[in-house]
Amino acid sequence: MGHPAQGESRQAGQPELPPGQRLQRGWPVTHYGPVPKFRPERWEFGVFGATESGEKYRWTHEEFTALPYATVEADLHCVTKFSMLGAEWGGVLARTLYDLAPPAPEVSHVMVWAEYGYSANLRLADLASARTVFATHKDGELLTAEHGFPLRLIVPHRYAWKGPKWVRGIEYMTADRRGFWEERGYHNLGDPWREQRYSYQEEPGDGPEL
Ligand SMILES: Nc1nc2c(c(=O)[nH]1)N[C@H]1C(S)=C(S)[C@@H](COP(=O)(O)O)O[C@H]1N2
Ligand SMILES: [Mo]
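Residues numbered from 1 in each chain as written. Chains lettered and ligands numbered in written order. Predicted model: local features only at pLDDT ≥ 70, side-chain atom pairs only at ≥ 80, totals over all residues. Heavy atoms only, no water.

The next point concerns the overall build of the protein chain. On a plain count of helices and strands, the protein chain comes out with three helices and 11 strands. Seen in sequence order, the protein chain has helices and strands lined up from the N terminus as β-β-β-α-β-β-α-β-β-α-β-β-β-β. Every one of the 210 residues in the protein chain was classed for burial, and the buried ones make up 50%. Relative to all contacts within the protein chain whose residues are 6 or more apart in sequence, the contacts with residues 24 or more apart total 67%. By element, 50% of the accessible surface of the protein chain is carried by carbon and sulfur atoms, the whole surface being about 10200 Å². The average position of the 23 basic charges and that of the 28 acidic charges among the side chains of the protein chain differ by 5 Å. (Helix = DSSP H or I, 4+ residues; strand = E, 2+ residues; numbered from the N terminus. Buried < 20%, exposed > 50% of the residue type's maximum accessible area, 1.4 Å probe, protein only. Contact = heavy atoms within 4.5 Å. Areas by Shrake-Rupley, 256 points an atom, 1.4 Å probe, with all protein chains shown as cover. Lys, Arg positive; Asp, Glu negative; His and termini not counted. Charge placed at Lys NZ, Arg CZ, Asp CG, Glu CD.)

Laid out in structure tokens, this is it:
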């Protein structure tokens, strides 16, 4: 595990924007499709695919909210060029889930799955990064439905489309596969500090053939 994830060049507390981004006041709502209704009795979070044990892991909503709570300060960079700086995200560190439900040694990538089939692919190292968090809270308050309640992923060093709202699970993969936006014209890696916005910018090795 653990070569450091790429692109974390901003120092905490230093208001700096990635190239081409502008500061957004307030917190707009940006997503594709409807806001799902939360039904606690039907909700579960799963970790599946190539787990080390070969088993699928599940948490009910009650079990998930009992997992250790941590906070991470991180910015949100939308590929459409606005950024929100300095939010404090609270929830379960992705690293905690990684440790509770470890991947098989040959796992290189993950697909993060959300309601209605929204998905985003990440390198395993990006998921396991110390600041990647499955957030239930922002600035001490529960997320609203529009912003992803009951759970959304925050990957501080990636564009925000790689942080699904209404997230339901992690699939461990032994090869890379494109997620929802990565199949539809966005960059497979999506590092805002390298301005990796669109798939036409990809270089050989950045992602699977389109
Ligand atoms: N499930 C889901 N998650 C999603 C999206 C989406 O369309 N569906 N859009 C992404 C994009 S492009 C952005 S910029 C952020 C926006 O988060 P916000 O609405 O809380 O600001 O959510 C991300 N997560
Ligand atoms: Mo976005």
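Here the narrative resumes.
We now examine the UniProt feature "domain: Oxidoreductase molybdopterin-binding" (unreviewed entry) in the protein chain. When the UniProt feature table is mapped onto this chain numbering, "domain: Oxidoreductase molybdopterin-binding" (unreviewed entry) sits at residues 33–181. Helix and strand shares over residues 33–181 are 11% and 40% respectively, and the end C-alpha atoms of the span are 13 Å apart. (UniProt positions renumbered as here; feature names shortened; annotations may be inferred.)

This next bit is on the nonpolar core. Judged by nonpolar contacts, the single largest core of 27 residues is most densely connected at Phe45, Trp59, Phe64, Leu97, Phe134, Ile170 and Tyr172. Residue assignment for this core shows that the elements contributing at least two residues are strand S2 (44–49), strand S3 (57–60), helix H2 (94–100), strand S6 (109–114), helix H3 (124–128) and strand S11 (167–173). Judged by nonpolar contacts, the second largest core, of 11 residues, contains Ala74, Trp89, Val133 and Ala135. (Core = buried A, V, L, I, M, F, W, Y, C linked by side-chain atoms within 4.5 Å.)

The next subject is the pattern of salt bridges. Throughout the structure, instances matching the rule amount to 12 salt bridges. In this structure, aspartate 126 and arginine 158 form a salt bridge, with 3.4 Å as the shortest nitrogen-oxygen distance. Of this pair, aspartate 126 sits in helix H3 while arginine 158 sits in the loop between strand S10 (152–154) and S11, and the two are 32 residues apart along the sequence. The buried category is assigned to aspartate 126, whose relative accessible area is 3%. A salt bridge links glutamate 171 to arginine 177, with the nearest nitrogen and oxygen atoms 3.1 Å apart. Among the ionic contacts, a cluster of salt bridges with common partners joins Asp126, Arg158, Asp191 and Arg194. (Salt bridge = Lys/Arg side-chain N within 4 Å of Asp/Glu carboxyl O.)

Time to look at the site of ligand 1. For ligand 1, the set of nearby residues contains 17 residues, the closest of which are Thr30, Tyr32, His147, Arg152 and Lys165. Within the backbone of tyrosine 32, one N or O atom sits 2.7 Å away from an oxygen atom of ligand 1. Within the contact set of ligand 1, an oxygen atom lies 2.6 Å away from a side-chain nitrogen or oxygen of histidine 147. Bound to the protein, ligand 1 loses 97% of the 530 Å² it would expose on its own. (Near = heavy atom within 4 Å. Polar contact = N/O pair within 3.5 Å; in protein donor to acceptor, adjacent residues only side chain to side chain.)

Moving on: the sheet that holds strand S7 (residues 119–123). The strand order S3-S2-S11-S6-S7 describes an open sheet built from five strands, whose pairing is mixed. The sheet terminates laterally at S3 and S7, the two strands that pair on one side only. Going across the sheet, the axis of each strand differs from the next one's by a mean of 15°, ignoring polarity. Sheet topology note: the S6/S11 ladder contains six bridges and is antiparallel. By the bridge assignment for S11, valine 110 is matched with tyrosine 172. (Pairing = 2+ DSSP bridges. Axes fitted to C-alpha atoms, helices over the stretch in contact; angles between N-to-C directions.)

Let's shift gears to the packing of aromatic side chains. Under the criterion given, the structure shown has 16 aromatic pairs. Ring geometry for tyrosine 118 against phenylalanine 180: centres 5.5 Å apart, planes inclined by 35°, an arrangement best described as tilted. A residue pair is termed long-range when its members are at least 10 positions apart, and tyrosine 118 in the loop between S6 and S7 and phenylalanine 180 in the segment after S11 qualify at 62 residues. The class of tyrosine 118 is buried, set by a relative accessible area of 17%. Relative to tyrosine 186, the ring of tryptophan 161 lies with its centre 4.9 Å away and its plane at 25°, an arrangement referred to as stacked. Taken together, the residues span a long stretch of sequence, with tryptophan 161 in the loop between S10 and S11 and tyrosine 186 in the segment after S11 at a distance of 25 residues. Classification of tryptophan 161 by relative accessible area gives buried; the value is 7%. Each member of the aromatic cluster is reached from another via a ring pair, and the members are Tyr32, Tyr118, Tyr159, Trp161, Phe180, Trp181, Tyr186, Tyr198 and Tyr200. (Phe/Tyr/Trp six-rings, centres within 6.5 Å; stacked < 30°, edge-to-face > 60°.)

Below, the discussion takes up unusual backbone geometry. Between phenylalanine 149 and the following residue, proline 150, the backbone shows a cis peptide bond with an omega angle of 10°. Along the chain, the position of proline 150 falls in the loop between strand S9 (141–142) and S10. The phi dihedral of tyrosine 116 is positive, around 60°, even though this residue is not glycine. Position of tyrosine 116 among the secondary structure elements: in the loop between S6 and S7. Under the relative-accessibility criterion, tyrosine 116 is labelled exposed at 58%. Although it is not a glycine, tryptophan 166 adopts a positive phi angle of roughly 55°. Counting through the fold element by element, tryptophan 166 comes out in the loop between S10 and S11. Overall, tryptophan 166 belongs to the buried group, its relative accessible area being 7%.

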